[in-house]
Amino acid sequence: MILEFCQWLEHTSLGVAIGESLWLFPILESLHVIALAVVVGSIAMMDLRLLGALARDRAVTELAAETLPLTWGAFAAAAITGFLLFASNASYYYDNTPFRVKIVLLGLAGANMLYFHRATWRTVSTWDRAAQLPIAARLAGAVSLGTWILVVIFGRWIGFV
Amino acid sequence: MIVAANIADFQGLADWLSATSLSVVLQTVTWAIPSLQSVHILALGALMGAAWLLGLRLVGMKVSALAPGPLASRLLPWIWTGLALLALSGGLLIVAEPGELLSNSVMQLKLLMLLVAIGATVAIARLVSVPDAAGARHTPQARPAVRALAVLSLALWVAIAFAGRLIAYV
């Protein structure tokens, strides 16, 4: 089912165009790395604040307002370029172990963020300016930082197997 | 990029580097290069996240509650730390594959752009740290020279990252 979708995708004119072009793939790959770098960097700023390692004197809500638009903008760019790279050779990536691990890690990072913003964030007004945050917030920061570092490592690994 | 007369020097340096025991280790250990590249990309993240936030703030976008000066004090350590880790991991990647990398024209262009980008960042750091007559360090608007440097450095960081990925394709 998924494999059939992959085979269909790589034979669409979009998938074929990216796969056959000499320059489209490297250009998309460069844009993907730049976008992912901005995602990881801006998320790390927030994560290290949640962990209490950096910017302990800044309000969490203020730092979130500062970093989140950049994180989301860059994530959208990384997701679009990532999908286009995938489309060029979908069934190959579907079978690639580092790629599969990366997708699972992205799901984990997303679930962690969703839980943080839906549940933990509700009480933010009580710990917004605290240097040491509640354990749930610190845990969210640790999981986020860890999963995004692994996303980069497994992403780089995709090309080496 | 670099004139032909220098190619012989690059070749000599590359030959010497590739014979060092560090280079031999990096060539032999199969996971060494992907690991160094992962560190390189993570360090690029620290630099890029900070450079974009600071750059957008300096050109006048209200991306932060902080004025340009105080925001720069917060973000410049991310840029310098990122650069140090990029230089370390990048240096080791050159030691691992000196023949391929030193003679690569995209690599040479990348190093040249890197020098200009570092210069622009040093200039930004100096300009935002010294308050002018109007106490610009804490005013919401960065000075025109800082704005121009911000645009230049952002364009260069993007071009440098682009060149980095393209090295493998030329």
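Residues numbered from 1 in each chain as written. Chains lettered and ligands numbered in written order. Predicted model: local features only at pLDDT ≥ 70, side-chain atom pairs only at ≥ 80, totals over all residues.

Enquirer: Honestly, the overall build of chain A in this entry has me stumped. Any pointers?
Expert: Along chain A, the regular secondary structure elements total eight helices and zero strands. When the helices and strands of chain A are read in sequence order from the N terminus, they spell out α-α-α-α-α-α-α-α. Expressed along its principal axes, the backbone C-alpha trace of chain A runs to roughly 55 × 30 × 25 Å. For chain A, the proportion of its 161 residues judged to be buried stands at 36%. When contacts within chain A are restricted to residue pairs at least 6 apart in sequence, those whose partners lie at least 24 apart make up 81%. (Helix = DSSP H or I, 4+ residues; strand = E, 2+ residues; numbered from the N terminus. Buried ≥ 20, exposed ≤ 12 C-beta atoms within 10 Å, placed from the backbone. Contact = placed C-beta atoms within 7 Å.)

Enquirer: Before we go on, may I ask you to explain the overall build of chain B in this structure?
Expert: Counting its secondary structure elements, chain B contains seven helices and zero strands. Here the contacts in chain B between residues at least 6 apart in sequence split such that 82% fall between residues at least 24 apart.

Enquirer: In this structure, what is going on with the environment of A:Val16? I would like to understand it.
Expert: Its location among the elements puts A:Val16 in helix H2 (residues 13-20). Take A:Val16: there are 13 C-beta atoms within 10 Å of it, and that puts it in the partly exposed class.

Enquirer: Would you explain the interface of chain B and chain A in this entry?
Expert: In this complex, chain B contributes 23 residues to the contact, which on the side of chain A involves 22 residues. Looking at the side of chain B that touches chain A, the elements with two or more residues in it are helix H3 (32-58) and helix H7 (144-166) of chain B. Of all the elements, H3(B) adds the most residues to the side of chain B that touches chain A, at 13 residues. When grouped by side-chain class, the residues that make up the side of chain B that touches chain A number 16 nonpolar, five polar and two charged. (Nonpolar A, V, L, I, M, F, W, Y, C, P; charged D, E, K, R; others polar.)

Enquirer: It is not clear to me how the packing of helix H8 (residues 135-157) of chain A against H3(B) should be interpreted in this structure. Could you clarify?
Expert: Between two packed helices, the angle of one axis relative to the other and the distance separating the axes together describe the packing. Closest axis-to-axis distance for the H8(A)/H3(B) pair is 9 Å, and the angle between their directions is 135 degrees. As summarised for this structure, H8(A) and H3(B) are arranged oblique, according to the angle between their axes. Classified by chirality, the crossing of H3(B) by H8(A) is right-handed. Contacts between H8(A) and H3(B) pair A:Ile149, A:Val152, A:Ile153, A:Arg156 and A:Trp157 from the former with B:Pro34, B:Gln37, B:Ser38, B:Ile41 and B:Leu42 from the latter. Partitioned by chemical class, the residues of the contact of H8(A) with H3(B) number seven nonpolar, two polar and one charged. (Axes fitted to C-alpha atoms, helices over the stretch in contact; angles between N-to-C directions. Parallel < 35°, antiparallel > 145°, perpendicular 65-115°, else oblique. Left-handed = near helix turned anticlockwise from the far one by under 90°.)

Enquirer: Before we go on, may I ask you to explain helix H4 (residues 68-96) of chain B in this structure?
Expert: Turn by turn, an α-helix covers 3.6 residues, leaving residues three or four places apart pointing in a common direction. Across its 29 residues, H4(B) extends 40 Å between first and last C-alpha, which sits within 8% of the 42 Å expected from 1.5 Å per residue. The largest bend along H4(B) measures about 35 degrees and falls at B:Arg74, with the proline B:Pro77 one to four residues further on. (Expected span 1.5 Å × (residues − 1). Bend = angle between axes of the 7 residues up to and from the residue.)

Enquirer: Would you mind going over the nonpolar core with me for this structure?
Expert: Core analysis: the largest hydrophobic core is formed by 79 residues, its most contacted members being A:Ala37, B:Leu47 and B:Met48. Beyond its immediate sequence surroundings of up to four residues, A:Ala37 is in contact with B:Ile41, B:Leu44, B:Gly45, B:Met48 and B:Ala161. (Core = buried A, V, L, I, M, F, W, Y, C linked by C-beta atoms within 7 Å.)

Enquirer: It is not clear to me how the packing of helix H2 (residues 21-28) of chain B against H4(B) should be interpreted in this structure. Could you clarify?
Expert: Residues and elements named next belong to chain B. Here H2 crosses H4 at 90 degrees, and the two axes come no closer than 8 Å. Taken together, H2 and H4 sit at an angle that is classed as roughly perpendicular. In contact with Leu22, Ser23, Leu26 and Gln27 of H2, H4 contributes Leu92, Val95 and Ala96. Split by residue class, the contact of H2 with H4 holds five nonpolar, two polar and no charged.

Enquirer: What should I look at first to understand the environment of B:Leu111 in this one?
Expert: Residue and element names in this part refer to chain B. Position of Leu111 relative to the elements: it lies in helix H6 (residues 105-129). Residue Leu111 is classed as partly exposed on the basis of its C-beta count, with 17 C-beta atoms lying within 10 Å. For the pair formed by Leu111 and Ile160, sequence separation is 49 residues and the distance between their alpha carbons is 8.1 Å.

Enquirer: How should I be thinking about unusual backbone geometry in this particular structure?
Expert: Excluding glycine, a negative phi dihedral is what most residues carry, and trans is how most peptide bonds are arranged. With a phi close to 55 degrees, A:Ala55 is a non-glycine residue in the positive phi region. Within the secondary structure, A:Ala55 is located in the loop between helix H3 (24-51) and helix H4 (60-88).

Enquirer: What's the story with the confidence of the model for chain B in this structure? I'm lost.
Expert: As a note on interpretation, predicted positions should not be read in detail where pLDDT is low. When pLDDT is averaged along chain B, the result is 90, and 91% of the positions lie at 70 or above. Listed scores for the predicted complex are pTM 0.93 and ipTM 0.94. (pLDDT = per-residue confidence, 0-100.)

Enquirer: I tried to follow H3(A) on my own but got confused; where do I start?
Expert: Between its terminal C-alpha atoms H3(A) stretches 40 Å, which fits the 40 Å expected from 28 residues at 1.5 Å a residue. Of all 28 residues in H3(A), 22 are buried; the element is thus mostly enclosed.

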